Amino acid sequence: MNTEYIHWNPEQGYRREDLRRAAGILRSGGLVAFPTETVYGLGGDGLQKNAARKIYEAKGRPSDNPLILHISCRSELDAIVKNIPAKAEALMNAFWPGPMTLIFEKSGAVPYETTGGLDTVAVRMPAHPGAQELIAEARVPVAAPSANTSGRPSPTMAEHVREDLDGKIDMIIEGGSVGIGIESTIIDLTGTSPVILRPGYITREMAAQVAGSVKMDPGLAERDHSVRPKAPGMKYRHYAPRAAMTVYEGSIIDVVPAINAGAAAYPADRVGILASDETRHCYRHGHVVAAGSREKGTVANGLYAALRQFDRLGVEVIFSESFSGEEKSEAVMNRLLKAAGHRIEFLPK
């Protein structure tokens, strides 16, 4: 398959003929990767069984891992869900469009191929104007997991999508780097109380201010292979570089020498160190990559790009600082620990 490339940018948007072609691909059951404010998504018509199957095939994604439907306006929700709880209305009014996915009971219009066999459906209204325009032009809810090979770090720029999916999908829309850099917060609204199944930019505290009590799913601590996932990222290995990674948790005063000692046991060209802008100068051995600044709160924006850089460098082992206690740290640490397979070294206080 020859993958076509078109462009979107915030000043000029799409060329009209490019937008029509992209929307036509979606309506005809093809796949289009496109930028959102979180990460790049791999889009297909969420109401077509075959389109959902193509998404799973292109990504190498397990078919019981649900897809998220993306809509461009509130009125498009009614056809794909059975009922809308009052707390969902409150959350949508506060955070849509934006990086928040809500789980509802699905309507009969949504095939089980899209929901991973579940009677629930995950729905998001992205804030990215290019994503909104594409979905509106396609006139279908767009199923769009991250546009990467399943298990790899999610794509935050078009070149990441090209690395994984060139030749496997119909079109890639190049739209520069994304704004947030980690996936949306997923909140389950099918029970008695809202439950966060995946942390993201919208924190538990932010959601609770709008919807009252909000719980965290107990399965967030580690993968549970016995549970059928209600949301992406709950069961399978995600966001992972090819090298084995260990996260060091503790005071940065203790973490730096511990990582330096661990790195010294490997040839310099085989070891990677994931640091922050503020600490990257503290390491002398191996490939040091900064995810972002702790002080400026940009670690989330650069995390996936940093993990992909280690793949390009060909390292065999990665030592990572922890980013607990930083801005949006709940979401960052969720992704980091999944990428490390929950390998974490707790340093004594």
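That block above? That's the structure.
Remember, predicted model here, so these are calculated numbers, not experimental data.

A. Expanded view of the sheet that holds strand β4 (residues 68-70). The 11 strands are arranged β1-β8-β2-β3-β7-β4-β6-β5-β9-β10-β11 in an open sheet whose pairing can be described as mixed. The sheet is open, and its two edges are formed by β1 (4-7) and β11 (215-216), each paired on a single side. Of the strand pairs in this sheet, strand β3 (residues 41-45) and strand β7 (residues 142-143) are connected by 2 bridges, and their pairing is antiparallel. Bridge pairing in β7 links D45 to V142. In the packing of helix α5 (residues 129-138) onto the sheet, the strands contacted are β2 (32-34), β4, β7 and β8 (171-174), and the crossing angle to β2 comes to about 150 degrees.

B. Here's a closer look at the packing of helix α1 (residues 16-27) against α5. At a closest axis distance of 8 Å, the pairing of α1 and α5 adopts a crossing angle of 60 degrees. Classified by the interaxial angle, the pair formed by α1 and α5 is oblique. α5 is crossed by α1, and the crossing has right-handed handedness. Across from R16, L19, R20, A22, A23, L26 and R27 in α1, the residues of α5 making contact are E133, L134, E137 and A138. By residue class, the composition of the contact of α1 with α5 is 6 nonpolar, no polar and 5 charged.

C. Focus on the environment of G29. Locating G29 in the fold gives a position in the loop between α1 and β2. Taking relative accessible area as the criterion, G29 reaches 4% and is therefore assigned buried. Here the alpha-carbon distance between G29 and Q12, two residues 17 residues apart in the chain, equals 27 Å. For G29, the residues in contact, after removing those within four places along its chain, are Q48, A51 and K54.

D. View of the pairing of strand β10 (residues 195-198). Across 3 bridges, the pairing between strand β9 (residues 185-188) and β10 is antiparallel. Looking at β10, one finds that I187 is bridged to I196. Linking two consecutive strands that pair antiparallel, namely β9 and β10, is a turn of 6 residues. Crossover β10 to β11 through helix α7 (residues 204-211) is right-handed.

E. The side chain of S320, seen in detail. One can find S320 in strand β15 (residues 317-321). Excluding residues that lie within four positions of it along the chain, S320 makes contacts with M245, T246, V247, Y248, I259, L274 and L336.

F. View of the pairing of β15. Within β15, 5 of the 5 residues are buried, which leaves it mostly tucked inside the rest of the structure. Neither face of β15 is left uncovered, since the one carrying V317, F319 and E321 and the one carrying I318 and S320 both have all their residues buried. Of the pairings in the sheet, the one linking strand β12 (residues 244-249) to β15 comprises 5 bridges and is parallel in character. If you follow V247 over to β15, its bridge partner there is S320. As judged from the 4 bridges shared by strand β13 (residues 271-275) and β15, these two strands associate in the parallel manner. Pairing of G272 across the sheet is with I318, part of β15.

G. Structural detail: α5. Those residues of α5 that sit buried are G130, A131, L134, I135, E137 and A138. All buried residues of α5 project into a common sector of 165 degrees when viewed along the axis, lining one side. Lining the buried residues of α5 we find α1, β2, β4, β7 and β8. Positive backbone phi, approximately 60 degrees, marks R139, located one or two places after α5.

H. Spotlight on the sheet that holds strand β14 (residues 287-290). Within the open sheet, the 5 strands sit side by side as β14-β13-β15-β12-β16. Their pairing is parallel. Both edges of this open sheet fall to β14 and β16 (344-346), since each of them pairs with a single strand only. Geometrically, the sheet is characterised by an average inter-axis angle of 20 degrees between neighbouring strands, direction not taken into account. Against the sheet, helix α8 (residues 252-263) contacts β12, β13 and β15, and its axis sits at roughly 170 degrees relative to β15. Relative to the sheet, helix α9 (residues 299-313) contacts β12, β13, β14 and β15, its axis offset from that of β14 by approximately 160 degrees.

Parameters and conventions
Residues numbered from 1 in each chain as written. Predicted model: local features only at pLDDT ≥ 70, side-chain atom pairs only at ≥ 80, totals over all residues. Heavy atoms only, no water. Pairing = 2+ DSSP bridges. Helix = DSSP H or I, 4+ residues; strand = E, 2+ residues; numbered from the N terminus. Contact = heavy atoms within 4.5 Å. Axes fitted to C-alpha atoms, helices over the stretch in contact; angles between N-to-C directions. Parallel < 35°, antiparallel > 145°, perpendicular 65-115°, else oblique. Left-handed = near helix turned anticlockwise from the far one by under 90°. Nonpolar A, V, L, I, M, F, W, Y, C, P; charged D, E, K, R; others polar. Buried < 20%, exposed > 50% of the residue type's maximum accessible area, 1.4 Å probe, protein only. Right-handed = clockwise from strand over helix to strand, strands pointing away. Arc of directions from axis to C-beta.

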